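Here is how the chains run, residue by residue.
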Amino acid sequence: MPARSISTASLTFGLVSIPVRLFPATSSKSVSFHLLHAKDMSRIQQKIYCPKEDKIVDRSELVRGYEVEKDRYVTFTDEELKKLEAQADRAVEITEFIPAAEVDPVYFENSYLLGCEPTSAKAYHLLEEAMTKADKVGVAKFTMRGKERVVLIRPYEGGLMMHTMYYNDEIRSFGEIDHGANASVKESELGLAQRLLDDLTQKKFKPDEFKDSYRERVIEAAEQKMAGHELTEPAPEARQGKVIDLMSALKESLKKRGVSVNEDREEAPATAEPEERKVAHGSRRPPRKRSAR
């Protein structure tokens, strides 16, 4: 089934305007379930219940309320909310270009492919190639469904992709949770962790190597039940042994990957290159400087 455009816009930078169409860039394939009445296998209906009057109410009796303080609300009509919405002028106005590495992924919300119109193909690909060569992404403003959004435009597979972004005050910080900020790390532990990280490092991310095994098991089980077969229980996953301490876990992890670990002495500090690592990696790397704590 061909992709269907959900909206149109004009991508602008300077005096250049490029008509584009928005297409969803992702499609969730997670399994979902309906709630059924076990007695007759009919789908249940959700009713709107008013606890104060102890009765089911119709949707026509509902109003939208904004809670200004505990149990105190200000109500709005749909017309009032419509007037408060930002005016959509269909312009995606790029206000600045920045290095791609400067944007933390935590700000990304939803992704959209930008398709060009036949009349804008040249300008579209001129912008895409210029951004690719400069390794830059565009920060823009866009009004979508009545809400003013910050969006990011970046090259993707020979075209342009748009990401809607969270605002800064929508991002939670570690100041709200305990994350062990005062935990200390030994040099020997850091050295082993760096060796394990190096051994697990790949040159690039390969998304096609990952799959949703849970979804596949659910679909297979549903097909078995539809065919009248009893479910076959999947083989249990091998349990990992109990970790005695962090050093033991790091050493065992390296051993399982065929990297030799010296058991007779404590691992050398991260600033020194162990002899085993020279053999494993074939060359000596310059020592890493550690900043003073």
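Model, not experiment: these values are computed from the prediction. (Residues numbered from 1 in each chain as written. Predicted model: local features only at pLDDT ≥ 70, side-chain atom pairs only at ≥ 80, totals over all residues. Heavy atoms only, no water.)

K.L.:
Would you take a moment to explain the overall build of the chain for this structure?
P.N.:
The number of helices and strands found in the chain is six helices and 13 strands. Burial analysis of the chain (293 residues in total) assigns 22% to the buried set. For the chain, long-range pairs separated by at least 24 residues make up 60% of all intrachain contacts whose partners lie at least 6 apart in sequence. As displayed, the chain offers around 23,700 Å² of accessible surface, 52% of which is attributable to carbon and sulfur atoms. (Helix = DSSP H or I, 4+ residues; strand = E, 2+ residues; numbered from the N terminus. Buried < 20%, exposed > 50% of the residue type's maximum accessible area, 1.4 Å probe, protein only. Contact = heavy atoms within 4.5 Å. Areas by Shrake-Rupley, 256 points an atom, 1.4 Å probe, with all protein chains shown as cover.)

K.L.:
Explain the pattern of salt bridges here, please?
P.N.:
Any two side chains of opposite charge can pair, so long as their charged atoms come close to each other. The final tally for this structure, using the stated rule, is seven salt bridges. Between Asp78 and Arg64 there is a salt bridge, with its nearest N and O atoms 3.3 Å apart. In this pair, Asp78 is assigned in helix α1 (residues 78–84) and Arg64 in strand β7 (residues 64–69), connecting sequence segments 14 residues apart. Here Asp78 and Arg64 have matching classes, each one exposed. (Salt bridge = Lys/Arg side-chain N within 4 Å of Asp/Glu carboxyl O.)

K.L.:
Which parts of the structure should I look at to understand the sheet that holds strand β12 (residues 147–156)?
P.N.:
Strand pairing in a sheet relies on backbone hydrogen bonds. The paired strands run either parallel or antiparallel. Reading around the circumference, β1-β2-β10-β13-β12-β11-β9 is the order of the seven strands in this closed barrel, with mixed pairing throughout. This sheet shows a mean twist of 40 degrees between the axes of neighbouring strands, independent of strand direction. Note: strand β11 (residues 136–144) against β12, seven bridges, orientation antiparallel. Bridge pairing links Gly138 to Ile153 in β12. Where helix α2 (residues 121–134) meets the sheet, it contacts β1 (7–13), β2 (16–24), β9 (91–99), β10 (108–116), β11, β12 and β13 (159–165), and its direction lies at approximately 75 degrees from that of β13. (Pairing = 2+ DSSP bridges. Axes fitted to C-alpha atoms, helices over the stretch in contact; angles between N-to-C directions.)

K.L.:
Explain α2 to me, please; I cannot follow it from the model alone.
P.N.:
Think of an α-helix as 3.6 residues a turn; residues three or four steps apart then line up on the same face. Here α2 spans 20 Å end to end across 14 residues, near enough to the 20 Å set by a 1.5 Å rise per residue. Just beyond α2, the residue with positive phi is Asp135, at close to 55 degrees. (Expected span 1.5 Å × (residues − 1).)

K.L.:
Explanation requested: the pairing of β7 in the structure shown.
P.N.:
In this sheet, strand β8 (residues 72–76) lies alongside β7 in antiparallel orientation, the contact comprising five bridges. Residue pairing for β8: Glu69 is matched across the bridge by Arg72. Linking two consecutive strands that pair antiparallel, namely β7 and β8, is a turn of two residues; a positive phi of about 65 degrees is found at Asp71 within it.

K.L.:
Could you clarify how one ought to interpret the environment of Leu22 in this entry?
P.N.:
Within the element layout of this structure, Leu22 appears in strand β2. Considered as a pair, Leu22 and Cys116 are 94 residues apart in the sequence and their alpha carbons are 9.1 Å apart. Once residues within four sequence positions are removed from consideration, Leu22 is found in contact with Ser5, Ile6, Ser7, Ala9, Leu113, Leu114, Phe142, Met144 and Met162.

K.L.:
Looking at this model, I keep getting lost on unusual backbone geometry. Mind explaining?
P.N.:
What you tend to see is this: most non-glycine residues have negative phi, and most peptide bonds are trans. The backbone phi angle of Asp71 is positive, close to 65 degrees, even though this residue is not glycine. As for its placement among the helices and strands, Asp71 is situated in the loop between β7 and β8. Phi is positive for Asp135, close to 55 degrees, though the residue is something other than glycine. You can see Asp135 is positioned in the loop between α2 and β11.

K.L.:
Please clarify how the packing of helix α3 (residues 187–200) against helix α5 (residues 246–256) should be interpreted in this entry.
P.N.:
Angle between the axes and distance between the axes: these two values describe a pair of packed helices. In the contact formed by α3 and α5, the axes pass within 10 Å of each other and the chain directions differ by 25 degrees. Judged by the inter-axis angle, α3 sits roughly parallel to α5. The handedness of the crossing between α3 and α5 is left-handed. Between α3 and α5, the residues in contact are Ser188, Glu189, Leu192, Ala193, Arg195 and Leu196 and Leu246, Met247, Leu250, Lys251, Ser253 and Leu254, respectively. Classifying every residue of the contact of α3 with α5 by side-chain character gives seven nonpolar, two polar and three charged. (Parallel < 35°, antiparallel > 145°, perpendicular 65-115°, else oblique. Left-handed = near helix turned anticlockwise from the far one by under 90°. Nonpolar A, V, L, I, M, F, W, Y, C, P; charged D, E, K, R; others polar.)

K.L.:
Mind showing me how you'd approach a nonpolar patch on the surface here?
P.N.:
Residues Tyr66, Val68 and Val74 make up a contiguous nonpolar surface patch of about 290 Å² in total accessible area. Within the secondary structure, Val68 is located in strand β7. Since its relative accessible area comes to 45%, Val68 is described here as partly exposed. (Patch = residues over 30% accessible without salt bridge, like charges linked within 9 Å, V, L, I, M, F, W, Y side chains within 5 Å.)

K.L.:
Mind showing me how you'd approach the nonpolar core here?
P.N.:
Soluble, globular proteins show a tendency: their nonpolar side chains are buried together. Judged by nonpolar contacts, the single largest core of 19 residues is most densely connected at Leu11, Val92, Leu114, Phe142, Ile153, Leu160 and Met162. Secondary-structure elements contributing two or more residues to this core are β1, β2, β9, β10, α2, β11, β12 and β13. Formed by seven residues, the second largest nonpolar core is a distinct cluster that contains Leu192, Met247, Leu254 and Val259. (Core = buried A, V, L, I, M, F, W, Y, C linked by side-chain atoms within 4.5 Å.)

K.L.:
For this particular structure, what's the right way to read the packing of aromatic side chains?
P.N.:
Aromatic ring pairs: the centre-centre distance and the angle between the two ring planes describe each pair. Throughout the structure, instances matching the rule amount to one aromatic pair. Residues Phe13 and Phe97 carry aromatic rings whose centres are separated by 6.3 Å and whose planes lie at 85 degrees to one another, so their mutual orientation is edge-to-face. On the criterion of sequence distance, the pair formed by Phe13 in strand β1 and Phe97 in strand β9 is long-range, its members being 84 residues apart. (Phe/Tyr/Trp six-rings, centres within 6.5 Å; stacked < 30°, edge-to-face > 60°.)

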